[in-house]
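# Examination of the molecular architecture
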Amino acid sequence: DTNYASYASPTGTIPLRDEHIASLAGKYNKTPAQIMLRWGVQRGSSVVSKSITPERVIANFDIWDFELSDEDMKSFDKINVGWRHLLWGEVSHHPDYPFKDELPYGYQLEKCSNFAPGQGNID
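Residues numbered from 1 in each chain as written. Predicted model: local features only at pLDDT ≥ 70, side-chain atom pairs only at ≥ 80, totals over all residues. Heavy atoms only, no water.

## As for unusual backbone geometry
Here N29, not a glycine, exhibits a phi torsion of approximately 60 degrees, which is positive. Among the secondary structure elements, N29 is positioned in the loop between α1 (19-28) and α2 (32-42). Residue classification places N29 among the exposed residues on the basis of a relative accessible area of 70%. (Helix = DSSP H or I, 4+ residues; strand = E, 2+ residues; numbered from the N terminus. Buried < 20%, exposed > 50% of the residue type's maximum accessible area, 1.4 Å probe, protein only.)

## Some points on a nonpolar patch on the surface
A contiguous nonpolar surface patch, about 360 Å² in accessible area, is contributed by V57, F61 and W64. If you trace the backbone, W64 turns up in the loop between α3 (54-61) and α4 (70-75). (Patch = residues over 30% accessible without salt bridge, like charges linked within 9 Å, V, L, I, M, F, W, Y side chains within 5 Å. Areas by Shrake-Rupley, 256 points an atom, 1.4 Å probe, with all protein chains shown as cover. Salt bridge = Lys/Arg side-chain N within 4 Å of Asp/Glu carboxyl O.)

## Digging into α2
Taken residue by residue, α2 has Q34, I35, L37, R38 and G40 as its buried positions. Those residues of α2 that are buried are in contact with α1 and α3. G44, located one to two residues past α2, shows a positive phi value of around 90 degrees. (Contact = heavy atoms within 4.5 Å.)

## Some thoughts on the pattern of salt bridges
Tallied over the full model, the rule gives four salt bridges. Residue D65 pairs with K30 through a salt bridge whose shortest N-O separation is 2.9 Å. Here D65 is found in the loop between α3 and α4, whereas its partner K30 is found in the loop between α1 and α2, with 35 residues between them in sequence. A salt bridge links E67 to R38; the nearest nitrogen and oxygen atoms lie 4.0 Å apart. Here E67, found in the loop between α3 and α4, pairs with R38, found in helix α2; they are 29 residues apart in sequence, far enough to count as distant. One salt-bridge network, in which partners are shared between bridges, spans K30, D62 and D65.

## Here's the deal with the packing of aromatic side chains
Going through the model one piece at a time under the given rule, you end up with two aromatic pairs. Geometrically, the ring pair formed by Y28 and F66 is tilted, given 5.6 Å between the ring centres and 45 degrees between the ring planes. Of this pair, Y28 sits in helix α1 while F66 is found in the loop between α3 and α4, placing the two residues 38 residues apart along the sequence. Take Y28: its relative accessible area is 18%, and that puts it in the buried class. (Phe/Tyr/Trp six-rings, centres within 6.5 Å; stacked < 30°, edge-to-face > 60°.)

## Details of the environment of N60
Considering the arrangement of structural elements, one finds N60 in helix α3. Its relative accessible area of 14% is what places N60 among the buried residues. Separated by twelve residues in sequence, N60 and V48 place their C-alpha atoms 9.6 Å apart. What N60 contacts, discounting residues up to four positions off in sequence, is L37, S49, K50 and S51.

Put into structure tokens, the structure is as follows:
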């Protein structure tokens, strides 16, 4: 199962059940999932949603008829729980790796051991 938003993180946070996200969902008359998807899109992130339920697939696309206000976008900062589901350790050696400032204390950046043809070795 890849629905990371519906299960507790090591911090106990369940994003789809977060009170703040639920309050924004009520304010915009959207689901918590739609709020989270819209937040990611407005940040300029690539967002990938997954569902096999036809209603949810349709709902996942129903995020283009509203925008979160600047204040609401900034309000997501207060729900940062200091934990990231995906660190993408296999690419952490790359100079443009975006999460270096968010890695846990003492985390060792990994070296890539398998390169695509022509990439060579990075030391």
